[in-house]
Amino acid sequence: MQILAYGVQTDERPLLESAFAARHELRCLEVTLDRDTAPLAAGHPAVSSSVNAELDAATLAVLAAGGTRLIAQRSTGFNNIDLAAAEKLGLTVARVSEYSPYAVAEHAWALALAVNRRLLRAATRTRDFDFRLDGLLGRDIHGMTVGVVGTGRIGTAFARIAHGFGTRLLGWDVAPVPACLDLGMTYTGLDELLASSDVVSLHVPLVPDTHHLIDAAALARMKPDAILVNSSRGGLVDSAALVENLRAGRLAGVGLDVYEEETGVFFTDRSIHGVTDDVLARLMTFPQVIVTSHQAYFTRTAVDQIIAATLRNVDDFAAGRRGENVLVPAA
């Protein structure tokens, strides 16, 4: 089967090509899939999209008109895909239902530790041979209260690391997870978790009920010296409200691997022309904020698992099988 893969990272490309070489004809593109780039897929029965693809009704219509029948997204999240439109157009949509939760959990802790110990500022200073400690005072993670918002596979992995640091664990989810209870986690309401936690880490999916879950009111409930980490989906946080809190001197640290308007910015080089998003630009001026470009998943282990699942999705479609990762058509 001929497949056009969009949004392929430089380090990802040889892994994709090697995995698909024996069974399918694969072309890789760096550009993200959207309504402007969708015509490139004409004649390809399958496309593979990245997490930042814009698969709205208009894009899907272009793909279907060009002969595409399968969309195999290389991510767990699928809030970027209009599933109803895909079904009307007769498209099959599959995703990667799971991959290494440790990749994201470890990166979330890397962000928390980096903002707590001011590592970005420290490293920049020492490169200039400035070895002062002014402004670099951090806190022990040991003994802190850590709030885990969403205790699925990634949230549980994050909690296990937190337990290793010797923290008190609070959790918020639709139902307690036995593995987290075994760690001593106490499940609470979201308001109590936010008010009590020294570190708050977000691990819930982006659905209508969780959009701007961390809004101005939620931020106001947090401790003024708390650390906020988001490695899930950008839309969970009201970014404008976050800027206002930081301007007011609240929050000791913020680590973001995702941003609600990241599409068209993350995974691209804007070093020459800069960004036109004033909120993102303002966020990155605060010394206690670290932003990474949706890289939490990007470990060799996780990428290998994502590619393997994507290949299974293509194989299942080619063989007329419905795999466990199919979103459309609905079962």
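Residues numbered from 1 in each chain as written. Predicted model: local features only at pLDDT ≥ 70, side-chain atom pairs only at ≥ 80, totals over all residues. Heavy atoms only, no water.

Stated formally: UniProt positions are given in the numbering used here, feature names are shortened, and annotations may be inferred rather than shown by experiment.
If you check an unreviewed UniProt entry, the protein appears there as 2-hydroxyacid dehydrogenase from Kitasatospora cinereorecta. The UniProt entry for the protein carries the following text under Sequence similarities (unreviewed entry): "Belongs to the D-isomer specific 2-hydroxyacid dehydrogenase family."

## Regarding the packing of aromatic side chains
Threshold: Stacked, tilted and edge-to-face pairs are distinguished by plane angle, under 30 degrees for stacked and over 60 for edge-to-face with tilted covering the rest, among Phe, Tyr and Trp rings (Trp via its six-membered ring) whose centres lie within 6.5 Å.
Taken as a whole and judged by the stated rule, the model has three aromatic pairs. An aromatic cluster is present here, built from Trp 109, Phe 158 and Phe 165 joined pairwise through their rings.

## Structural notes on the pairing of strand β11 (residues 253-256)
This is how it is decided: Only protein chains enter the accessibility calculation, which uses a 1.4 Å probe. A residue is then buried if its area is under 20% of the maximum for its type, exposed if over 50%, and partly exposed in between. The numbering of helices and of strands both runs from the N terminus, where a helix is a DSSP run of H or I of at least 4 residues and a strand a run of E of at least 2. For two strands to pair, DSSP has to find at least two bridges joining them. Seen with its strands pointing away from the viewer, a crossover is right-handed when the path leading from the first strand over the helix to the second is clockwise.
The alternating pattern of β11 places Gly 253 and Gly 255 and Val 254 and Leu 256 on opposite faces, both of which are buried. Pairing of strand β10 (residues 227-230) with β11 involves four bridges; the strand directions are parallel. Residue pairing across strands places Ile 227 opposite Gly 253, the latter belonging to β11. Each parallel crossover has a hand, and for β10 linked through helix α10 (residues 239-247) to β11 it is right-handed. Note: β11 against strand β12 (residues 289-291), three bridges, orientation parallel.

## Re unusual backbone geometry
Here the amide bond leading from Val 328 into Pro 329 is cis, since omega sits at 5°, within 30 degrees of zero. With respect to the element layout, Pro 329 can be found in the segment after β13 (326-328). The phi torsion at Arg 118 lies on the positive side, around 55°, for a residue other than glycine. Topologically, Arg 118 is positioned in the loop between α4 (101-116) and α5 (119-127). A positive phi angle, close to 80°, is found at Leu 251, a residue other than glycine. Tracing the sequence through the fold places Leu 251 in the loop between α10 and β11. On the accessibility criterion, Leu 251 (3% relative accessible area) is buried.

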